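# Working through the structure, step by step
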Amino acid sequence: MRFLITGIGGFAGPHLARALLDAGHTVHGVVRRRGSMRALEPLHMQFGERFPSGAVITADVLDPRALLGAVAEARPDGVFHLAGVTYVPASETDPLAAHRTNFFGSLNVLRAVGEVRPECRVLFVGSGDAYGAAGNEFSMISEEVPLQPVSPYGVSKAAADLAAFQWHWAGGNVVRARPFNHTGPGQDSRFVCSSFARQVAEIEAGQRPAVLEVGNLDVIRDFTDVEDIVAGYVALWERGEGGEVYNLCSGRAVPIRTVVDELRAQARSAIEIRVTEVRRRPNEVRRLVGTAARAQSKTGWRPARPLAETLARLLGYWRERVRAKV
Ligand SMILES: NC(=O)c1ccc[n+]([C@@H]2O[C@H](COP(=O)([O-])OP(=O)(O)OC[C@H]3O[C@@H](n4cnc5c(N)ncnc54)[C@H](OP(=O)(O)O)[C@@H]3O)[C@@H](O)[C@H]2O)c1
């Protein structure tokens with residue numbers, strides 16, 4: 001089959017591309033800038049003709065004509081829409097940019113598919129952040145829980161999620177995923193697990209004092225390995241009910257303190273902790289933990305990787321980058 005991935009040069013994109021290529025599919029991708037293609041080089045080398053560098057098209061999701069061109073060129077059977085503004089503080093600094101990209105960008109993707117490849121099924125990637133404040137109220141968030149987003153990012157994802165439902169209702173073919181936090185190699189170090197793992201690798205290499213700077217350690221999140229999440233995207237694309245929405249999460253309630261403890265346990269040298277005000281986020285919800293029972297019963301998907309293993313791979317990734325000075 002032929003697939004098109006928007007946001008293929010980001011964190012989850014290359015993991016998803018690898019999963020599809022490993023399964024024998026042909027992959028095309030959309031990046032906003034050529035610079036985002038660097039993460040894809042190992043895949044071009046490994047998969048050659050099934051994923052040449054020419055299969056990655058430069059297009060902004062805010063440019064409908066460029067998207068029409070990308071869909072026409074890729075001729076996909078399936079689209080995974082991952083592209084978007086993903087960093088919550090960036091959405092707070094510039095809410096309009098987040099709304100534009102995440103809402104109108106998603107509409108543009110759906111419309112381009114509708115125009116050029118109407119039979120194509122789209123997996124829309126929303127976010128568990130759309131539940132927002134509901135996380136403090138419900139210990140395990142299911143898809144029936146009302147959306148109460150607390151950041152412009154969460155609002156933009158919730159709005160796009162509803163637009164994707166409407167698009168399906170009007171005759172499109174879309175399945176909606178609401179992934180909760182995920183992490184693993186390749187994640188930007190603005191995100192919490194990656195930030196800690198990078199600091200540990202830099203401390204081990206003597207590039208910074210042996211002090212891990214952290215924010216609020218009592219916040220509770222539901223972390224899943226990125227490999228499990230992309231397997232969930234594929235399972236939902238293949239076996240999800242059209243129009244339906246599915247959480248993808250581990251169901252584990254993990255205080256950030258546990259992530260810190262695990263990384264300190266894996267570190268090759270002793271590390272102190274320092275809570276710094278700049279790393280605290282005043283508006284964040286205390287707890288956000290989901291249940292993926294619906295995805296599990298519909299598709300058989302189940303996250304498999306323990307958090308300690310995910311963090312070990314993430315730390316390995318940062319050790320390698322610090323060693324190679326990239
Ligand atoms: N990672 C998580 O924990 C998590 C949790 C819940 C939901 N999600 C969702 O999962 C999806 C993938 O996330 P990720 O972690 O892989 O994020 P990411 O690393 O930030 O990747 C997003 C990609 O989208 C691209 N993009 C942004 N604006 C664009 C535009 N106007 N046109 C075309 N491309 C654009 C970015 O390109 P640039 O590099 O050029 O900006 C980036 O490569 C996102 O929709 C995110 O909201 C992620």
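Residues numbered from 1 in each chain as written. Predicted model: local features only at pLDDT ≥ 70, side-chain atom pairs only at ≥ 80, totals over all residues. Heavy atoms only, no water.

### Describing the overall build of the protein chain
Tallying secondary structure elements over the protein chain gives twelve helices and 14 strands in all. Scaling as 2.2 N^0.38, a compact globule of 326 residues should have a C-alpha radius of gyration of about 20 Å, and the protein chain matches this with 19 Å. Taken over the C-alpha atoms alone, the protein chain extends approximately 55 × 45 × 40 Å along its principal axes. Taken over 326 residues, the protein chain has a buried fraction of 50%. When contacts within the protein chain are restricted to residue pairs at least 6 apart in sequence, long-range pairs at least 24 apart make up 80% of them. Between the centroid of the 40 positive side chains of the protein chain and the centroid of its 35 negative side chains there is a distance of 2 Å. (Helix = DSSP H or I, 4+ residues; strand = E, 2+ residues; numbered from the N terminus. Rg over C-alpha atoms; globule rule 2.2 N^0.38 Å. Buried < 20%, exposed > 50% of the residue type's maximum accessible area, 1.4 Å probe, protein only. Contact = heavy atoms within 4.5 Å. Lys, Arg positive; Asp, Glu negative; His and termini not counted. Charge placed at Lys NZ, Arg CZ, Asp CG, Glu CD.)

### Here's the deal with helix 5 (residues 95-116)
The end-to-end C-alpha distance of helix 5, which contains 22 residues, comes to 31 Å, matching closely the 32 Å that a straight helix rising 1.5 Å per residue would cover. The largest bend in helix 5 is about 25 degrees, located at G105. Among all positions of helix 5, only A98, T101, N102, G105, S106, N108, V109, L110, A112 and V113 are buried. (Expected span 1.5 Å × (residues − 1). Bend = angle between axes of the 7 residues up to and from the residue.)

### Here's the deal with the nonpolar core
Judged by nonpolar contacts, the single largest core of 45 residues is most densely connected at I5, I8, L16, F51, F80, L123 and Y233. When contributions to this core are tallied by element, the ones reaching two or more residues are strand 1 (2-6), helix 1 (12-22), strand 2 (26-31), helix 2 (41-47), strand 5 (121-125), strand 6 (174-179), helix 9 (226-239) and strand 11 (245-248). Top contributing element to this core by residue count: helix 9, with eight residues. Discounting chain neighbours no more than four positions away, the residues touching Y233 are L16, F80, L82, L123, V125, A177, P179, H182 and L248. In terms of nonpolar packing, the next biggest core, distinct from the first, is built from 24 residues, C193, I256, I271 and L307 among them. (Core = buried A, V, L, I, M, F, W, Y, C linked by side-chain atoms within 4.5 Å.)

### Thoughts on the side chain of S194
Considering the arrangement of structural elements, one finds S194 in helix 8 (residues 192-204). Residue classification places S194 among the buried positions, given a relative accessible area of 0%. Engagement of the side chain of S194 in a polar contact is seen with the backbone oxygen of Q187, the distance being 2.7 Å. In terms of polar contacts, S194 uses its side chain to reach the side chain of W318, at 2.9 Å. If we skip the residues at most four places from it in the chain, S194 touches T183, Q187, D188, S189, L314 and W318. (Polar contact = N/O pair within 3.5 Å; in protein donor to acceptor, adjacent residues only side chain to side chain.)

### What to know about the domain arrangement of the protein chain
Once the domains are mapped, the protein chain shows domain 1 (2-184 + 223-251 + 287-304) and domain 2 (192-218 + 254-285 + 316-324). Look at where the C-alpha atoms of domain 1 and domain 2 centre, and you get two points 28 Å apart. Contacts between the two partners involve twelve residues from domain 1 and, on the opposite side, nine residues from domain 2. Note on domain 1 versus domain 2: buried area summed over both sides is about 750 Å², and carbon and sulfur give 68% of it. Among the residues of domain 1 in contact with domain 2, V150, T183 and F223 are the three that bury the most area, contributing 50% of the side total. (Domains from an automatic or database assignment. Buried area = accessible area lost by both parts, 1.4 Å probe.)

### Remarks on the side chain of S106
Among the structural elements, S106 can be located in helix 5. Residue class for S106 comes out buried when judged on its relative accessible area of 4%. Once residues within four sequence positions are removed from consideration, S106 is found in contact with H81, T101, F124 and A160.

### Things to note about the site of the ligand
Looking at the ligand, there are 27 residues lining it, with F11, R32, T86, Y153 and K157 nearest. A distance of 2.9 Å separates a nitrogen atom of the ligand from a polar atom in the backbone of V61. When the ligand sits alone it has 890 Å² of accessible area, and the protein chains cover 89% of it. For the shell around the ligand, the per-class residue count stands at eleven nonpolar, twelve polar and four charged. (Near = heavy atom within 4 Å. Areas by Shrake-Rupley, 256 points an atom, 1.4 Å probe, with all protein chains shown as cover. Nonpolar A, V, L, I, M, F, W, Y, C, P; charged D, E, K, R; others polar.)

### Here we look at the packing of helix 8 against helix 12 (residues 307-324)
Closest axis-to-axis distance for the helix 8/helix 12 pair is 8 Å, and the angle between their directions is 50 degrees. Considered as vectors, helix 8 and helix 12 are oriented oblique to each other. The element helix 8 and its partner helix 12 pack so that their crossing is right-handed. Contacts between helix 8 and helix 12 involve C193, S194, A197, R198, V200, A201, E202 and E204 from the first element and L311, L314, L315, W318, R319 and V322 from the second. (Axes fitted to C-alpha atoms, helices over the stretch in contact; angles between N-to-C directions. Parallel < 35°, antiparallel > 145°, perpendicular 65-115°, else oblique. Left-handed = near helix turned anticlockwise from the far one by under 90°.)

### Brief notes about the packing of aromatic side chains
One pass over the structure, following the stated rule, counts seven aromatic pairs. Pairing F103 with F104 gives two aromatic rings, centres 5.1 Å apart and planes at 75 degrees, and the pair type is edge-to-face. For F103, a relative accessible area of 22% corresponds to the partly exposed category. Looking at F104, the relative accessible area reads 46%, which means it is partly exposed. Taken together, the aromatic side chains of F3, F80 and W237 make up a single cluster linked through ring pairs. For R190, the ring lying beneath its charged end belongs to Y87, and the centroid distance is 4.4 Å. (Phe/Tyr/Trp six-rings, centres within 6.5 Å; stacked < 30°, edge-to-face > 60°. Lys NZ or Arg CZ within 6 Å of the ring centre and 35° of its normal.)

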